[in-house]
Amino acid sequence: MAVVTDPQPPARTGTTSSPDGGRRRVVAMTIWGVAFVAAWLAIGLPTDPAYAFLWIWAGTIAWHSARPWRSHLRFARDWIPVVLLLAVYNLSRGFADNGATPHAMELIVADRFMLGWATGGEVPTVWLQQHLYRPEVHWWDVAVSWVYFSHFVATFAAAAVLWMRDRSRWAAYMRRWGFLCAAGLATYFLYPAAPPWWAAQNGLLTEVARISTRGWKEIGMHGAGNLLNAGQIASNPVAAMPSLHTAFALFVVLFFLGSVRKRWWPLLLAYPLAMTFTLVYSGEHYVIDVLVGWAYVGLTFLVVGLAERWWAARRARRAAAPAAGPQPTVPAPAAPVDAAPGDVEPAVADPVPAEG
């Protein structure tokens, strides 16, 4: 017998609207963008960790403006320890030199040894500035300023996206980022090293200009680098080895490289290369600083990956331990209560028939 049912409605083929999408998100993000640009022009670009965190937090609130405040407060709860650690990291770098003379000459020798054949015996910073640096600002100076600034927001922005999409990956990202920062900071204390502009000021190199922020003035953004310039004045001048600028750039790219299509790999890998050119050309780092920074990224992924696998195996062993423990013994059946001990007959084997 056939069963008659009501016809089902056709399946939806269009996109479903997100509770956070639509006009509300557009309005909120527009307000955030206008406020960001106004603060950027008046105060400067957000290069301080706490200041950058406030803007990224405000951006996540605007993007998910329809969500309850409890969701936004969870973001602050997870991120405040990270921001505090980065603030301590920035402050502690200033004590890395301990009043000692920083290493400089061996970095100059290393760069000349590696690339002197192509630069006429000069370090790459001097050679690049001889060929590209002019009193007037060119388009590549503007590009250099933007690439240099991206160091202060790229890792933060990528972490914010991960937090909103996949908190387990966010935790993995933060573990690697924290290890990389700690390794760099330890090296600053053990091996304080000065950048090319410092070497030039102290007579170890020919004239080197520190030009990482000069590009903004050319496009009328005179206040864009206020915070960054102030930070450069107050920053530790002997934290050149390793270059965490290029290390962070490569770290972000490698973390996401496996999750994007290979046709986008050249574009992603161009970012750490652009950061390398920026830092060497602007007098902030030697090439050897960059290579050591890249080595630190490889060490970070190796060490943290091994630690994560060890921890996962340890948890698996602990979870499996109760199941693999000794099984409880089953006691033998007791004699009947009303029988005396002597009344129990011993077991007798079955008789074997005699052979005929």
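Structure shown above.
Below is a summary of the structure that appears in this document.

What counts and what doesn't
- Residues numbered from 1 in each chain as written.
- Predicted model: local features only at pLDDT ≥ 70, side-chain atom pairs only at ≥ 80, totals over all residues.
- Heavy atoms only, no water.
- Helix = DSSP H or I, 4+ residues; strand = E, 2+ residues; numbered from the N terminus.
- Buried < 20%, exposed > 50% of the residue type's maximum accessible area, 1.4 Å probe, protein only.
- Contact = heavy atoms within 4.5 Å.
- Areas by Shrake-Rupley, 256 points an atom, 1.4 Å probe, with all protein chains shown as cover.
- 1 Å grid on protein atoms, 1.4 Å probe; cavity = no way out; pocket = protein on both sides within 12 Å on 5 of 7 lines; lining within 4 Å.
- Points joined across faces, edges and corners; volume = space filled by probe spheres on them.
- Expected span 1.5 Å × (residues − 1).
- Core = buried A, V, L, I, M, F, W, Y, C linked by side-chain atoms within 4.5 Å.
- Nonpolar A, V, L, I, M, F, W, Y, C, P; charged D, E, K, R; others polar.
- Bend = angle between axes of the 7 residues up to and from the residue.
- Salt bridge = Lys/Arg side-chain N within 4 Å of Asp/Glu carboxyl O.
- Patch = residues over 30% accessible without salt bridge, like charges linked within 9 Å, V, L, I, M, F, W, Y side chains within 5 Å.
- Axes fitted to C-alpha atoms, helices over the stretch in contact; angles between N-to-C directions.
- Left-handed = near helix turned anticlockwise from the far one by under 90°.

**As for the overall build of the protein**
A count of helices and strands for the protein gives 14 helices and zero strands. The linear arrangement of helices and strands in the protein, starting from the amino end, is α-α-α-α-α-α-α-α-α-α-α-α-α-α. With 356 residues in all, the protein has 40% of them scored as buried. Pairs at least 24 residues apart make up 80% of the contacts formed inside the protein by residues separated by at least 6 positions. Carbon and sulfur atoms make up 67% of the accessible area of the protein, which amounts to about 21,300 Å² in all.

**Structural notes on empty space enclosed by the protein**
Evaluation of the coordinates by the stated rule reveals two cavities of 30 Å³ or more. When its volume is computed, the largest cavity comes out at roughly 60 Å³. T60, H64, R67, S71, H72, F75, W163 and M164 are the residues that line the largest cavity. Taken together, the elements giving at least two residues each to the lining of the largest cavity come down to α3 (69-93) and α7 (154-165).

**Side note on helix α12 (residues 244-257)**
In this model α12 runs 19 Å from its N-terminal to its C-terminal C-alpha over 14 residues, within 8% of the 20 Å that 1.5 Å per residue would give. For α12, a buried count of 12 out of 14 residues is recorded, marking the element as mostly surrounded by other parts of the structure. Considered for burial, the residues of α12 that qualify are L244, H245, T246, A247, F248, A249, L250, F251, V252, V253, F255 and L257.

**A closer look at the nonpolar core**
Residues F75, W79, F156, Y173, M174, W177 and L180 are the most contacted members of the largest nonpolar core, which totals 38 residues. Contributions of two or more residues to this core are made by α2 (49-63), α3, α7, α8 (167-190), α12 and α14 (287-320). Here this core takes 10 residues from α8, the largest share from any one element. With residues up to four places along the chain from it excluded, the contact list for W79 reads F53, F156, A159, A160, W163, W170 and M174. Core analysis: the second largest hydrophobic core is formed by 16 residues, A193, A194, W198 and Y286 among them.

**Looking at the layout of surface pockets**
Each pocket or cavity is described by its volume, and for the second largest pocket that value is around 330 Å³. What lines the second largest pocket is a set of 19 residues, and nearest its centre among them are W32, W55, I56, G59 and A157. In terms of residue count, the dominant contributor to the lining of the second largest pocket is α2 (six residues). By residue class, the composition of the lining of the second largest pocket is 17 nonpolar, two polar and no charged.

**Notes on helix α13 (residues 265-281)**
Taking 1.5 Å as the rise per residue, α13 with 17 residues should run 24 Å; its terminal C-alpha atoms sit 25 Å apart, in good agreement. Bending of α13 peaks at approximately 25 degrees at the position of Y271, with proline P272 no more than four residues after it. Of the residues making up α13, those classed as buried are P272, M275, T276, T278, L279, V280 and Y281. Against α5 (124-132), α6 (139-150), α12 and α14 lie the buried residues of α13. Residue G283 follows α13 closely and has a positive phi angle near 85 degrees.

**Re the pattern of salt bridges**
If you walk through the whole model with that rule in mind, you get five salt bridges. Of the charged contacts, one joins R167 and D78 as a salt bridge, the two residues approaching to 2.4 Å between their closest N and O atoms. A residue pair is termed long-range when its members are at least 10 positions apart, and R167 in helix α8 and D78 in helix α3 qualify at 89 residues. We classify D78 as buried; its relative accessible area is 14%. When the shortest N-O distance is used, the salt bridge between R175 and E308 registers 2.8 Å.

**Some points on a nonpolar patch on the surface**
On the surface, a nonpolar cluster with roughly 330 Å² of combined accessible area is contributed by L299, L302, V303 and L306. Relative to the helices and strands, L299 is located in helix α14.

**Regarding the packing of α2 against α7**
In contact at an axis separation of 10 Å, α2 and α7 are set at 35 degrees when each is read in the N-to-C sense. Classified by chirality, the crossing of α7 by α2 is right-handed. On α7, the residues that touch P49, A52, I56, T60 and W63 of α2 are F156, A157, A160 and M164. Partitioned by chemical class, the residues of the contact of α2 with α7 number eight nonpolar, one polar and no charged.

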